[in-house]
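# Results of the structural survey
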Amino acid sequence: MAFELPKLPYAFDALEPYIDARTMEIHSTKHHVGYTNNLNKAIAGTDLDSKSIEDILTNLDPSNTAVRNNGGGYYNHHLFWNVMNPEGKGYLSGELKDAIIAEFGSVDAFKDAFAKAAATRFGSGWAWLCVHKGGKVEVCSTPNQDNPMTPGVSCGGFPILTLDVWEHAYYLKYQNRRPEYIDAFFNVINWNYVEKLYAENK
């Protein structure tokens, strides 16, 4: 079963001025395409080619670097596209807001923790908000294309919000100013989608 490149859920320029159109175009049509194609090559003819990407990552042997890197790259980008929206759709509310306040003390403290995870990730990687069974949330970061669902990787749990901090995600617009890119991200979060993932996986 070959994985297909997910369609970007909005136009390349839809996240302007926060994330520029050229970055979105290159990111989707070059980087995400590469991870998708290389994942399909890595699983072809193996027992993984009939499994969902969630099953692959959850049960992954971390020493299988081809699947680890490309499976993570495939899944992480798909989530990243969907947790953003041109209008920052929705607002943080309900059970997810309650869980965030219970864990971090306030929404602003959560944003600070998430921004710190993104800003201090050395080199390339991702910042995450994950939910554990029972509803507890946690912020963490992972290097490269690692995903929290993979055994032994960072905070574990199910990822419901992520930010790509590889340089290709922001360098054309922000150059080395990663903190500005992180601040911009909070303007385009699709909280309706994040809350849906929280409700389904808590």
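Per chain, the residues get numbers from 1 upward, laid out in the order the sequence is written. Two thresholds apply to this predicted model, a pLDDT of at least 70 for residue-level local features and 80 or more for giving and counting side-chain atom pairs, whereas whole-chain, interface and lining totals are computed over all residues. The side-chain figures draw on all heavy atoms in the structure; neither hydrogens nor water molecules are used.

Below, the discussion takes up the overall build of the protein chain. Counting its regular elements, the protein chain contains eight helices and three strands. In DSSP terms, a helix is any run of H or I states spanning at least four residues, a strand is any run of E spanning at least two, and both are numbered starting from the N terminus. The N-to-C order of helical and strand elements in the protein chain reads α-α-α-α-α-β-β-β-α-α-α. Compactness check: the protein chain gives a C-alpha radius of gyration of 16 Å against a globular reference of 17 Å for 202 residues, within 12% of the reference. On the principal axes, the C-alpha backbone points of the protein chain span a range of 50 × 40 × 30 Å. Taking all 202 residues of the protein chain together, the buried fraction comes to 49%. Contacts were defined at the residue level, with two residues in contact if any of their heavy atoms lie within 4.5 Å. Sequence separation of 24 or more characterises 69% of the internal contacts of the protein chain that already satisfy a separation of 6 or more. Averaged over its 18 positive side-chain charges, the protein chain has a centre that lies 1 Å from the centre of its 24 negative ones. Throughout, radius of gyration means the C-alpha value; the globule benchmark is 2.2 Å times the number of residues raised to the power 0.38. For the exposure calls, accessible area comes from a 1.4 Å probe over protein chains only, and a residue counts as buried if that area is under 20% of its type's maximum, exposed if over 50%, partly exposed in between. Only four residue types enter the charge count, namely Lys and Arg as positive and Asp and Glu as negative; His and the chain termini do not. A charge is said to be at NZ when it belongs to Lys, at CZ for Arg, at CG for Asp and at CD for Glu.

Salt bridges are defined by distance alone: a side-chain nitrogen of Lys or Arg within 4 Å of a carboxyl oxygen of Asp or Glu. If you walk through the whole model with that rule in mind, you get six salt bridges. Linking R68 and D146 is a salt bridge whose minimum nitrogen-to-oxygen distance equals 2.7 Å. Pair noted here: R68 is in helix α3 (residues 65-82) and D146 is in the loop between β2 (137-143) and β3 (158-164), with a separation of 78 residues, a long-range link. Note that K196 and E200 form a salt bridge whose closest N and O atoms lie 2.9 Å from each other. Residue K196 and its partner E200 are located together in helix α8 (residues 191-201), separated by four residues, close to a single helical turn. Looking at K196, the relative accessible area reads 45%, which means it is partly exposed. Here E200 falls in the partly exposed class, since its relative accessible area comes to 48%.

Moving residue by residue along a regular strand, the side chains alternate between the two faces of the sheet. Burial of strand β1 (residues 125-131) is extensive: seven of the seven residues sit out of reach of the surface. Where β1 and β2 come together, seven bridges link them in antiparallel fashion. The partner of C130 across the bridge, within β2, is E138. Hairpin geometry of β1 and β2 is characterised by an intervening segment of five residues between the two adjacent antiparallel strands and by a positive phi of about 105 degrees at G134. By the bridge criterion, six bridges tie β1 to β3 in an arrangement that is antiparallel. Among the inter-strand pairings, L129 is bridged to a residue of β3, identified as L161. For two strands to be treated as a pair, DSSP must find at least two bridges joining them.

The criterion is simple. A nonpolar core is a set of buried Ala, Val, Leu, Ile, Met, Phe, Trp, Tyr and Cys residues joined through side-chain atoms within 4.5 Å. If you look at the biggest cluster of nonpolar residues, it comprises 62 residues, and the most contacted ones within it are M84, L96, F114, L129, L161 and F185. Those residues within four positions of F185 in sequence are excluded, and the remaining contacts are F80, V83, M84, F114, L161, T162 and L163.

With that settled, the discussion passes to the environment of K116. For K116, the position within the fold is in helix α5 (residues 107-119). What makes K116 exposed here is its relative accessible area of 58%. Sequence separation between K116 and I182 is 66 residues; the distance between their C-alpha atoms is 9.3 Å.

This part covers the side chain of E195. Note on placement: E195 falls in helix α8. Buried within the structure, E195 lacks any salt-bridge partner; its nearest side chain of opposite charge belongs to K97, at an N-O separation of 8.8 Å. Contacts of E195, omitting those with residues within four sequence positions, involve Y91, L92, S93 and L96.

Attention now moves to the side chain of N85. Structurally, N85 can be placed in the loop between α3 and α4 (94-104). Sequence-distant contacts of N85, that is, excluding residues within four places in its chain, are made with L15, V188 and N190.

Attention now moves to the packing of aromatic side chains. In summary, the pairing rule links any two rings of Phe, Tyr or Trp, Trp by its six-membered ring, whose centres are within 6.5 Å, and it sorts them by plane angle into stacked for under 30 degrees, edge-to-face for over 60 and tilted for everything else. Inspection of the entire model under this criterion finds 13 aromatic pairs. Ring centres of F104 and F110 lie 5.7 Å apart, and the angle between their planes is 55 degrees; this geometry places the pair in the tilted category. Look at F104 and you get partly exposed, because its relative accessible area is 22%.

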